[in-house]
Amino acid sequence: MEKDKSILLKEIISFIENKYGIIDDVPLNEDTLLEKDLRITGDEACDFMVEYGKHFNVNVSNFMADQYFEAEGHEYDWLSSLLLTFRLKKEAPPIKPFTLGDLVKGIKAGKLDESILDNSQEMSH
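Please read these numbers as outputs of a predicted model, since none were measured by experiment. (Residues numbered from 1 in each chain as written. Predicted model: local features only at pLDDT ≥ 70, side-chain atom pairs only at ≥ 80, totals over all residues. Heavy atoms only, no water.)

Trainee: Whenever I open this one, helix H2 (residues 42–56) confuses me. Can you help?
Mentor: For an α-helix the count is 3.6 residues per turn, leaving residues at separations of three or four pointing the same way. With 15 residues, H2 should reach 21 Å at 1.5 Å per residue; the first-to-last C-alpha distance of 21 Å fits that figure. Those residues of H2 hidden inside the fold are in contact with helix H1 (5–20) and helix H4 (100–109). (Helix = DSSP H or I, 4+ residues; strand = E, 2+ residues; numbered from the N terminus. Expected span 1.5 Å × (residues − 1). Contact = heavy atoms within 4.5 Å.)

Now the structure itself:
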């Protein structure tokens with residue numbers, strides 16, 4: 001029997017709380033953004049996605065993390081960092097929203113890639 005969406009969401013919230021602790025200042029629901037709300041980004045985001053895939057048996061091998069998470073920052077002096085950030089922001093395409101609801105869709109599909117995420121974004125509009 002296929003698990004209900006709300007049960008899967010509770011399992012994802014439990015997974016996040018076990019990994020990062022209880023997050024008091026952010027309501028965890030289907031619309032919670034991983035990067036903006038939970039501040040999961042860069043290398044941490046890649047690690048998170050690998051652990052999510054293993055934990056929930058979701059194939060994430062074709063997940064394009066760079067479209068949903070900012071790259072890891074590098075250690076530069078503040079001026080170089082500011083200039084690099086400005087240049088990268090100008091050249092890089094905007095980061096797509098990625099929510100806990102998207103993680104649920106990945107579990108239901110058994111994979112998380114553009115075919116699942118594009119379909120989910122079309123349904124939400």
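That shown, we press on.
Trainee: What is the right way to look at the nonpolar core in this model?
Mentor: In globular proteins that are soluble, nonpolar side chains generally tend to be buried together. In terms of nonpolar packing, the biggest core is built from 31 residues, with Met49, Tyr52, Phe63, Phe98, Leu100, Leu103 and Leu112 touching the most fellow members. Among the elements of the structure, H1, H2, H4 and helix H5 (114–123) are those that each provide at least two residues to this core. Top element by residues in this core is H1. It accounts for six residues. Discounting residues that sit within four places of it in the chain, Tyr52 has contacts with Phe15, Asn57, Val58, Val60, Leu103, Gly106, Ile107 and Leu112. (Core = buried A, V, L, I, M, F, W, Y, C linked by side-chain atoms within 4.5 Å. Buried < 20%, exposed > 50% of the residue type's maximum accessible area, 1.4 Å probe, protein only.)

Trainee: What am I meant to see in the packing of aromatic side chains here?
Mentor: In this description, a pair of aromatic rings is defined by centroid distance and the angle of the planes. Scanning all chains against the criterion turns up nine aromatic pairs. Through successive ring pairs, a cluster of aromatic residues spans Phe15, Tyr20, Phe48, Tyr52 and Phe56. (Phe/Tyr/Trp six-rings, centres within 6.5 Å; stacked < 30°, edge-to-face > 60°.)

Trainee: In this structure, what is going on with the confidence of the model for the protein chain? I would like to understand it.
Mentor: Should pLDDT be low for a region, the predicted coordinates there are not to be read in detail. Mean pLDDT for the protein chain: 82, with 74% of residues reaching 70 or above. Mean pLDDT across the elements of the protein chain bottoms out in helix H3 (residues 78–91) (52) and peaks in H4 (96). Scored below 50 in pLDDT, residues 121–125 shows three contacts in the model against residues more than four places distant or in partner chains. (pLDDT = per-residue confidence, 0-100.)

Trainee: Please clarify how the pattern of salt bridges should be interpreted in this entry.
Mentor: Any two side chains of opposite charge can pair if their charged atoms end up close together. With the rule as written, the count across this model stands at five salt bridges. Close ionic contact of Glu30 with Lys5 constitutes a salt bridge, the shortest N to O distance being 3.2 Å. Of this pair, Glu30 sits in the loop between H1 and H2 while Lys5 sits in helix H1, and the two are 25 residues apart along the sequence. On the basis of relative accessible area, Glu30 is assigned to the partly exposed category, the value being 30%. For Asp113, the salt bridge goes to Lys111, with nearest N and O atoms at 3.7 Å. (Salt bridge = Lys/Arg side-chain N within 4 Å of Asp/Glu carboxyl O.)

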